[in-house]
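Listed below are the residues making up each chain.
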Amino acid sequence: MHHPYPEVLVEIQEVLETVLGMQFNHVMLNRYEDGGVSIGRHSDTLENKVIASISLGAERQFIFRPREKSAAEPIKLRPADGSLLVMQGDTQVNWKHEIPREPSIKRGRISLTFRQIYA
Ligand SMILES: O=C(O)CCC(=O)C(=O)O
Ligand SMILES: [Fe+2]
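Residues numbered from 1 in each chain as written. Chains lettered and ligands numbered in written order. Predicted model: local features only at pLDDT ≥ 70, side-chain atom pairs only at ≥ 80, totals over all residues.

Per an unreviewed UniProt entry, the protein is named Fe2OG dioxygenase domain-containing protein, and its organism is Dacryopinax primogenitus.

Caption draft 1: Broad picture of the site of ligand 1. Neighbouring residues of ligand 1: Met28, Asn30, Ile39, Asp44, Ser53, His97, Ile99, Ser111 and Thr113. Elements supplying a minimum of two residues to the shell around ligand 1: strand E1 (26–32), strand E7 (95–99) and strand E8 (109–117). Split by residue class, the shell around ligand 1 holds 3 nonpolar, 5 polar and 1 charged. (Near = placed C-beta within 6 Å. Helix = DSSP H or I, 4+ residues; strand = E, 2+ residues; numbered from the N terminus. Nonpolar A, V, L, I, M, F, W, Y, C, P; charged D, E, K, R; others polar.)

Caption draft 2: The arrangement of the UniProt feature "domain: Fe2OG dioxygenase" (unreviewed entry) in the protein in detail. Using the residue numbers shown here, the UniProt feature "domain: Fe2OG dioxygenase" (unreviewed entry) corresponds to residues 23–118. End C-alpha atoms of residues 23–118 are separated by 12 Å, and the span's content is 4% helix alongside 49% strand. (UniProt positions renumbered as here; feature names shortened; annotations may be inferred.)

Caption draft 3: Region of interest: the sheet that holds strand E4 (residues 62–66). Spatially, 4 strands are ordered E2-E7-E4-E5 in an open sheet, and the strand pairing comes out antiparallel. Two strands bound the open sheet, and with one partner strand each, they are strand E2 (39–42) and strand E5 (75–77). Sheet twist, expressed as the mean angle between neighbouring strand axes with direction ignored, is 15°. Two strands pair when backbone bridges link them, and E4 and E7 are joined in this way by 4 bridges, in the antiparallel orientation. Across the sheet, the residue bridging to Ile63 is Glu98, located in E7. (Pairing = 2+ DSSP bridges. Axes fitted to C-alpha atoms, helices over the stretch in contact; angles between N-to-C directions.)

Caption draft 4: Geometry of the sheet that holds strand E6 (residues 84–87). What the 4 strands build is an open sheet, ordered E1-E8-E3-E6; its pairing is antiparallel. With one partner strand each, in any of the chains shown, E1 and E6 form the two edges of the open sheet. Direction aside, the axes of adjacent strands within the sheet are offset by 20° on average. The pairing of strand E3 (residues 48–57) with E8 spans 9 bridges and is antiparallel. Across the sheet, residue Asn48 finds its bridge partner in E8, namely Ile117.

Caption draft 5: Broad picture of the nonpolar core. Leu16, Phe24, Ile51, Ala52, Met87 and Phe114 together form the largest nonpolar core, which totals 6 residues. When neighbours within four sequence positions are excluded, Met87 is seen to be in contact with Ile51 and Gln92. (Core = buried A, V, L, I, M, F, W, Y, C linked by C-beta atoms within 7 Å. Buried ≥ 20, exposed ≤ 12 C-beta atoms within 10 Å, placed from the backbone. Contact = placed C-beta atoms within 7 Å.)

Caption draft 6: Fine view of helix H1 (residues 7–20). With 14 residues, H1 extends 20 Å between its outermost C-alpha atoms, agreeing within 8% with the 20 Å of an ideal straight helix rising 1.5 Å per residue. Little of H1 sits inside the fold, with 1 of its 14 residues counted as buried. (Expected span 1.5 Å × (residues − 1).)

Caption draft 7: Quick look at the environment of Val86. Structurally, the position occupied by Val86 is in strand E6. Using a count of 15 C-beta atoms within 10 Å as the deciding quantity, one classes Val86 as partly exposed. Beyond its immediate chain neighbours, meaning those up to four positions away, Val86 contacts Leu20, Val50 and Ala52.

Caption draft 8: The confidence of the model for the protein, seen in detail. Residue-level pLDDT values for the protein average 95, and 99% of them are 70 or greater. Interface confidence for the predicted complex, given as ipTM, is 0.97, next to a pTM of 0.92. (pLDDT = per-residue confidence, 0-100.)

Set out below in structure tokens:
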């Protein structure tokens, strides 16, 4: 889908581009209405050269698991409200990520995932 960005997203993207020293050409918003909403274990396609995810709202568990079993321990994060998580380099090649259900969490989380995508 190709739409002009709302101004607030342009502003956030410009801050990210300054901080990270690179350019984005895509943004996807994910809304997790409460802890019942999850995203299953996956890697994003390699067209996603860089994914910079800004977390807003509830802290949710964010788990990275190595694709190769026993290559490394899972990495469990809880990105805080307002935090930035960047996936780049070989992250998608070597790791899968997921946000599991946490039914006790009643608040919502939104992530803004700015992406540098090449066809
Ligand atoms: O919600 C997030 O921070 C990341 C979600 C995700 O893995 C994705 O959009 O590919
Ligand atoms: Fe993802």
